[in-house]
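Each chain is listed here by its residues.
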Amino acid sequence: MDLSNIANNINYRYQSSSRMQIGGAVSGLDTQSIIEKLLEVEAIPLNRLNDKYLQYTNLQKAYQKVSDKIRDFYNYLGNFSLQSNLMPKTATSTSNILTAQASAVASDGVYNINVLSLATNSTFTGESFAKQYNLTSLISDIDTRYTPSNSTVKIKVGTNETTVNIDTTNTIQDVVDSLQSAFSSLGATATITFDSSSGKLNIQSDKAFQISNVSGNFTFLFRLNDASLKQVSGSYVLESSGNIGAYSSYKTLENLGIASDTNLVINGKSILLQKTDTIANVIKKINDSVSDINTVYDDKNGKIVLTSKMTGDNLIDISGDSSLLNTLGFSTGTFVLGQIAKLDITINGYTNSVESKNNSITYNGITLNLSATGSTTVTVSTDKEKIVDRVQEFVDKWNELTDFLYTKLTENKVTGKSEDNMTEDEKLQGLLKNDSFLRRIFDKFKSFLTQNVGGKTLADLGITSGDEGKSFTNTMKGKINLDKDKLREFIDKYGTDSVWNFFGKLDGDKGLAIRIKDYSYQLTKFNGDIDTVAGVQGRLEREKRILSKRMVTMMEYLQKKEQMLWAKYSSLESALAKLSAQGGFLAQAFAQKK
């Protein structure tokens, strides 16, 4: 007899007999069927125990679904009962000087706000350490970004074009003269200058033009490759996109003249810099080491700029080897201390001056995010319609829960289907019908509908069962309805905080939602009321353990019984075989005497 299915239900390690049993060879009896029928009778108590065990398992699952549903309601109540949800505030500003958000504790009213200053970040801008060039500098010396090479440059004005050869032995003045001559040959009036202080080449022409490399890297050396042609007051202007002496971020400290490793100290953090570090590596090391500073390299102008991450009066202190500081432009850099935000807030004729290190300021429950200076007005009001929506949502969630509980108490079991063809939900259906424990839970929830909070009930807020003058179906099911107009009248009469005081207030007399939330937690928590019945240490689990022990004993008995029956029938077959052999011998002997 195969008991593996029952053994699986109780997680019992069961091994069925693997011996091949052949019966009835001599007797002609269907031994296996006889033994199966005998064992089926013996297994009736075991099957009953198994049915009971499965019933308890399904009951646990049914209770778990109840627990999950109540836990969902508990989680909802956690948000619903918040003051910010039951006293939703709106804050509107008359300008784009600031945006405002109001919390539940903000007082309704009109706030006149004058933003005097914004909070800013402290900055330290290092002196440019770009290489200086003038008109007498050789092209071969312009090596801060690329290695100079002889170039051929094409200049095009309209449909006319010409080329200019520029050698590394030329000076910048030679370049200016060659370009000037080229523009003239193309019929354009051009002014070409080089500003040694900014390190930029400037080309102005009365006609639109294009300039590009035919060979070499002239436009890259003079940073014209990424510059844009602009029209200014009737002239067309092309200017270097940055200082041609500004070093590439891939140049190393050794390229800048730093001959050995050294330390840089910023805001007390020591940073080891190696001579093989590139400028990009230096910036990365600073940002990795100093958490309150953001550092960038301005390769257009050849400057390192440090900015405090927080607004307000934050210091940026830089020290280290004097040679390093001079080389990176830190010795003569410019420090600008960040400002704090200042504003005057006036309400009901009283002005309060407020200061902050950042531009997000919370004042009496109002969060102001400043974006510009100037005057504006912020109006704070309570959104009564949102309160009504929140209460309607509570009513809907309540009805969803009570409808679920009432259905579980009244639904019938599924009929006309074998258990193998049922879904999980169909197997659980009807198991909790008229269940006394679930009935107590349901009745307790319904009792909250008549509770008094601060001298008021749900009916005062316009929430009733909706059964006045009709049947008591809704009351019996615990379902409720909301009269929104009556709720609005309640809010107008008792104030915008009245709904919060009824549902959510924590101090003194707890609000109704808090009471329901506390009860829901008591039901669904670990070792809570439901857990003591259907949990891993609950009553049903204890009953299952008792059943499983009895089932194991009975399975062991049935296995022994099966072995005993096979042994008896095997003895019978053996005796019949011997009797048959003796009969054959006697028959043969009598035949021989004849």
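Residues numbered from 1 in each chain as written. Predicted model: local features only at pLDDT ≥ 70, side-chain atom pairs only at ≥ 80, totals over all residues. Heavy atoms only, no water.

Student: Hey, could you go over the overall build of the protein chain for me, with residue numbers and the actual values?
Tutor: Regarding its fold elements, the protein chain presents 17 helices and 24 strands. Looking at the protein chain residue by residue over its 594 residues, the buried ones come to 39%. Residue pairs at least 24 apart in sequence account for 68% of intrachain contacts in the protein chain once pairs closer than 6 positions are excluded. Total accessible area computed for the protein chain in this model is approximately 31200 Å², and 47% of it derives from carbon and sulfur atoms. (Helix = DSSP H or I, 4+ residues; strand = E, 2+ residues; numbered from the N terminus. Buried < 20%, exposed > 50% of the residue type's maximum accessible area, 1.4 Å probe, protein only. Contact = heavy atoms within 4.5 Å. Areas by Shrake-Rupley, 256 points an atom, 1.4 Å probe, with all protein chains shown as cover.)

Student: Go over helix H9 (residues 384-410), please, and point to the residues and values.
Tutor: Taking 1.5 Å per residue as the helical rise, H9 with its 27 residues ought to reach 39 Å, and the 39 Å between its terminal C-alpha atoms agrees with that figure. Of the residues that open H9, the one with a side-chain oxygen 3.3 Å from the backbone nitrogen of glutamate 385 is aspartate 383. (Expected span 1.5 Å × (residues − 1). Polar contact = N/O pair within 3.5 Å; in protein donor to acceptor, adjacent residues only side chain to side chain.)

Student: Tell me about the packing of helix H11 (residues 436-447) against helix H15 (residues 512-524), and name the residues and values.
Tutor: It is at 11 Å that the axes of H11 and H15 come closest, and there the two elements cross at 170°. It follows from the interaxial angle that H11 and H15 lie roughly antiparallel. Here H11 runs over H15; the crossing is right-handed. Taking contact as the criterion, the partners of Arg440, Ile441, Lys444 and Phe445 in H11 are, on H15, Ile516, Tyr519, Ser520 and Leu523. (Axes fitted to C-alpha atoms, helices over the stretch in contact; angles between N-to-C directions. Parallel < 35°, antiparallel > 145°, perpendicular 65-115°, else oblique. Left-handed = near helix turned anticlockwise from the far one by under 90°.)

Student: Please give an account of the sheet that holds strand S8 (residues 200-205) that cites residues and values.
Tutor: The 4 strands are arranged S7-S8-S11-S10 in an open sheet whose pairing can be described as antiparallel. Single-partner strands in this sheet number two, and they are strand S7 (190-195) and strand S10 (230-232). Shown here is a sheet whose adjacent strand axes are inclined to one another by a mean of 25°, direction ignored. Pairing geometry for S7 and S8, over 6 bridges, is antiparallel. Bridged to isoleucine 192 within S8 is isoleucine 203. With respect to the sheet, helix H5 (residues 172-185) is in contact with S7 and S8, its orientation differing from that of S7 by roughly 165°. (Pairing = 2+ DSSP bridges.)

Student: Talk me through the nonpolar core; I want residue IDs and the actual numbers.
Tutor: Core analysis: the largest hydrophobic core is formed by 62 residues, its most contacted members being Tyr63, Phe394, Phe445, Val499, Phe503 and Ile516. Those elements that provide at least two residues to this core are helix H3 (44-80), H9, H11, helix H13 (484-494), helix H14 (498-503), H15, helix H16 (529-534) and helix H17 (539-593). Residues contacting tyrosine 63, with those up to four places away along its chain left out, are Leu432, Asp435, Phe437, Ile530, Val533, Ala534 and Leu540. Residues Val175, Val176, Phe194 and Ile211 belong to the second largest nonpolar core, which totals 30 residues. (Core = buried A, V, L, I, M, F, W, Y, C linked by side-chain atoms within 4.5 Å.)

Student: Give a detailed account of the packing of aromatic side chains, specifying residues and quantitative values.
Tutor: For the structure shown, the criterion picks out 23 aromatic pairs. Ring plane angle 70° and centroid distance 5.7 Å describe the contact between tyrosine 146 and phenylalanine 220, whose orientation is recorded as edge-to-face. Residue tyrosine 146 is found in the loop between strand S4 (121-125) and strand S5 (151-157), and its partner phenylalanine 220 is found in helix H6 (residues 218-221); the two are separated by 74 residues along the sequence. When the centroid spacing of 5.3 Å and the interplanar angle of 70° are considered together, the rings of phenylalanine 445 and tyrosine 519 count as edge-to-face. Here tyrosine 519 lies in helix H15 and phenylalanine 445 lies in helix H11, a separation of 74 residues in the sequence. Among the residues examined, phenylalanine 445 registers a relative accessible area of 0% and is labelled buried. In this structure tyrosine 519 comes out as buried when scored by relative accessible area, which is 15%. Sitting over the ring of tyrosine 519, lysine 444 keeps its end group 5.9 Å from the ring centre. A cation over an aromatic ring shows up here: lysine 456 above the ring of tyrosine 494, its NZ or CZ 4.4 Å from the ring centre. (Phe/Tyr/Trp six-rings, centres within 6.5 Å; stacked < 30°, edge-to-face > 60°. Lys NZ or Arg CZ within 6 Å of the ring centre and 35° of its normal.)

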